[in-house]
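Close look at the chain arrangement
Letter by letter, the chains look like this.
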Amino acid sequence: MEREFGVGIIGTGSYVPSNIMTNKDLEKLVDTSDEWITTRTGIKERRILDKDKSTSFMAKIAAERAIASSGLNSQDIDLIIVATITPDMAFPSTACIVQEELGIKNAAAFDLEAACTGFIYALTNAYAYIKSGIYKNVLVISSENLSKIMDFKDRNTCVLFGDGAGAVSQVEADKGILSMDIGADGSGAKFLNQPAGGSLIPSSEESVKNKLHFIKMEGNSVFKFAIKAMTKSSKKVMEDINFTIKDIDYLIPHQANMRIIEGACKRLEIDKDKVCINLDKYGNMSAASIPVALDEAVRSGKIKKNDNIILVGFGGGLTWGATLIKWTL
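To keep things clear, this report deals only with the structure shown in the data block. (Residues numbered from 1 in each chain as written. Predicted model: local features only at pLDDT ≥ 70, side-chain atom pairs only at ≥ 80, totals over all residues. Heavy atoms only, no water.)

Section: the sheet that holds strand E13 (residues 319–326)
- The strand order across the open sheet formed by 4 strands is E8-E13-E12-E11, and the pairing between neighbours is mixed. The outermost strands of the open sheet, each flanked by one partner alone, are strand E8 (177–184) and strand E11 (250–253). Each strand of the sheet is rotated relative to its neighbour by a mean of 10 degrees, with strand direction disregarded.
- In terms of strand pairing, E8 meets E13 through 7 bridges, oriented antiparallel. Each bridged residue has a counterpart across the sheet, and for Asp181 the counterpart in E13 is Ala322.
- Of the strands in this sheet, E11 and strand E12 (308–315) are in contact with helix H10 (residues 289–299), which crosses E11 at around 145 degrees. (Pairing = 2+ DSSP bridges. Helix = DSSP H or I, 4+ residues; strand = E, 2+ residues; numbered from the N terminus. Axes fitted to C-alpha atoms, helices over the stretch in contact; angles between N-to-C directions. Contact = heavy atoms within 4.5 Å.)

See below:
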């Protein structure tokens, strides 16, 4: 039986590396230009993590900030979920590494992989664990070190991505998450992937030589899917609780491409001033994009108590998801 309480977010945190790579910097590496990147994507710069740092490094800092803003003690956390496609290593999970670095002794920990939709999938998992009574205080982290899997000679992908991490603390609450939607279409797996490094194409001299450990993407196919998926998922979470777009105070979309965001917003008929965008500063940070944008909007005072917010994204898989939240902080 479903327990009679809600699930809310009581703390947010984020971290982006200090090293900025501008479009002008990319002009020195690949056949592209600031104008080409800006007009086609809306991206002006992205953050690049130091080569000697890893996904867990960023995850830890974002998590510490989320815990601090929540008022919880780190030992109150009983589950850690890390959404990432760039784990420190195949195993153990990055979540276990972060657990040790945070000094949290009594929490279960696991990684979740849903590409750019990872944060929405992780929120949904955390919600289910809390509602079922299995766990009470869940730390959700999305951290991506995409610069480590980018081919800086491929102008179709290297201009898009950046590094960063975001985190939230989820707990029992009177209000909070109102509705959720996640989905997947595996027939689109070929459109966005990292071919090598798993059991299908194990790491080898040949796989490295053929650049199969880098992100591969069919941009047009992903573009068409993204607008439809974000629109459909956003409408679904509103319809589930009889909301309309007029009830929404802010939309925080996955920060992949300005044209995708504009296309989805046009279909949703939402005012542009209600859309939180930081794409120009960070590029596509995969699963970290939404929580970083959320944290920035909260800390700037843009999002206020009782605001209705939709978080929506899409990603490799192909996957999609949305969450409608009544903000409680």
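Remarks on the sheet that holds strand E4 (residues 79–83)
- Taken together, the 5 strands give an open sheet; going across it, the order is E1-E7-E6-E4-E5, and neighbouring strands pair in mixed fashion. The open sheet is flanked by strand E1 (6–15) and strand E5 (108–112), the only strands paired with a single partner. Between one strand and the next, the sheet's axes are offset by a mean angle of 20 degrees, whatever the strand orientation.
- Pairing of E4 with E5 involves 5 bridges; the strand directions are parallel. Across the sheet, the residue bridging to Ile81 is Phe110, located in E5.
- Taken strand by strand, helix H3 (residues 55–70) contacts E1, strand E6 (138–144) and strand E7 (164–173), and its axis lies near 130 degrees from that of E1.

Focus: the side chain of Gln99
- By the element assignment, Gln99 lies in helix H4 (residues 94–102).
- There is a polar contact of 2.7 Å between the side chain of Gln99 and the backbone oxygen of Ala107.
- Ignoring sequence-local partners within four residues, the contact set of Gln99 consists of Ile80, Ile104, Lys105 and Ala107. (Polar contact = N/O pair within 3.5 Å; in protein donor to acceptor, adjacent residues only side chain to side chain.)

Here's the deal with the pattern of salt bridges
- Using the criterion set out here, one finds 8 salt bridges in the structure.
- Of the charged contacts in the structure, one is a salt bridge between Glu64 and Lys60, with a shortest N-O distance of 3.5 Å. Placement of both Glu64 and Lys60 in helix H3 is noted, with a separation of 4 residues, approximately one turn of the helix.
- On the basis of relative accessibility, which here comes to 36%, the residue Glu64 falls in the partly exposed class.
- Owing to a relative accessible area of 26%, Lys60 belongs among the partly exposed residues under this scheme.
- Measuring nitrogen to oxygen at the nearest pair gives 3.6 Å for the salt bridge that ties Asp151 to Lys211. Residue Asp151 is found in the loop between E6 and E7, and its partner Lys211 is found in the loop between helix H6 (205–209) and strand E10 (216–217); the two are separated by 60 residues along the sequence.
- For Asp151, a relative accessible area of 10% puts it in the buried group.
- For Lys211, a relative accessible area of 33% gives the class partly exposed. (Salt bridge = Lys/Arg side-chain N within 4 Å of Asp/Glu carboxyl O. Buried < 20%, exposed > 50% of the residue type's maximum accessible area, 1.4 Å probe, protein only.)

Some words on the packing of aromatic side chains
- What the rule picks out here adds up to 4 aromatic pairs.
- Taken together through their ring pairs, the aromatic side chains of Phe110, Tyr129 and Tyr135 make up a single cluster.
- In this structure, Arg155 packs its charged tip against the face of Trp36, placed 4.7 Å from the ring centre. (Phe/Tyr/Trp six-rings, centres within 6.5 Å; stacked < 30°, edge-to-face > 60°. Lys NZ or Arg CZ within 6 Å of the ring centre and 35° of its normal.)

Observations regarding the nonpolar core
- In terms of nonpolar packing, the biggest core is built from 44 residues, with Ile215, Met238, Ile248, Leu251, Ile270, Ile310 and Phe314 touching the most fellow members.
- Those elements giving two or more residues to this core turn out to be helix H7 (219–239), helix H8 (258–268), E12 and E13.
- With sequence-adjacent residues up to four places away left out, Met238 is seen in contact with Phe243, Thr244, Ile245, Ile248, Leu268, Ile310 and Leu324.
- In terms of nonpolar packing, the next biggest core, distinct from the first, is built from 33 residues, Ile9, Ala114, Ala126 and Ile252 among them. (Core = buried A, V, L, I, M, F, W, Y, C linked by side-chain atoms within 4.5 Å.)

Thoughts on a positive patch on the surface
- On the surface, a cluster of positive charge is contributed by Lys224, Lys228, Lys235 and Arg267.
- For the positive patch, the leading source of residues is H7, giving 3 residues.
- Its place among the elements puts Lys235 in helix H7. (Patch = residues over 30% accessible without salt bridge, like charges linked within 9 Å, V, L, I, M, F, W, Y side chains within 5 Å. Areas by Shrake-Rupley, 256 points an atom, 1.4 Å probe, with all protein chains shown as cover. Lys, Arg positive; Asp, Glu negative; His and termini not counted. Charge placed at Lys NZ, Arg CZ, Asp CG, Glu CD.)

Some remarks on the environment of Asn145
- With respect to the element layout, Asn145 can be found in the loop between E6 and E7.
- Along the chain, Asn145 and Ile48 lie 97 residues apart, while their C-alpha atoms are 8.0 Å from each other.
- Within the structure, the side chain of Asn145 is placed 2.9 Å from the side chain of Lys148, a separation counted as a polar contact.

Distances and angles like these do not, on their own, reveal function.
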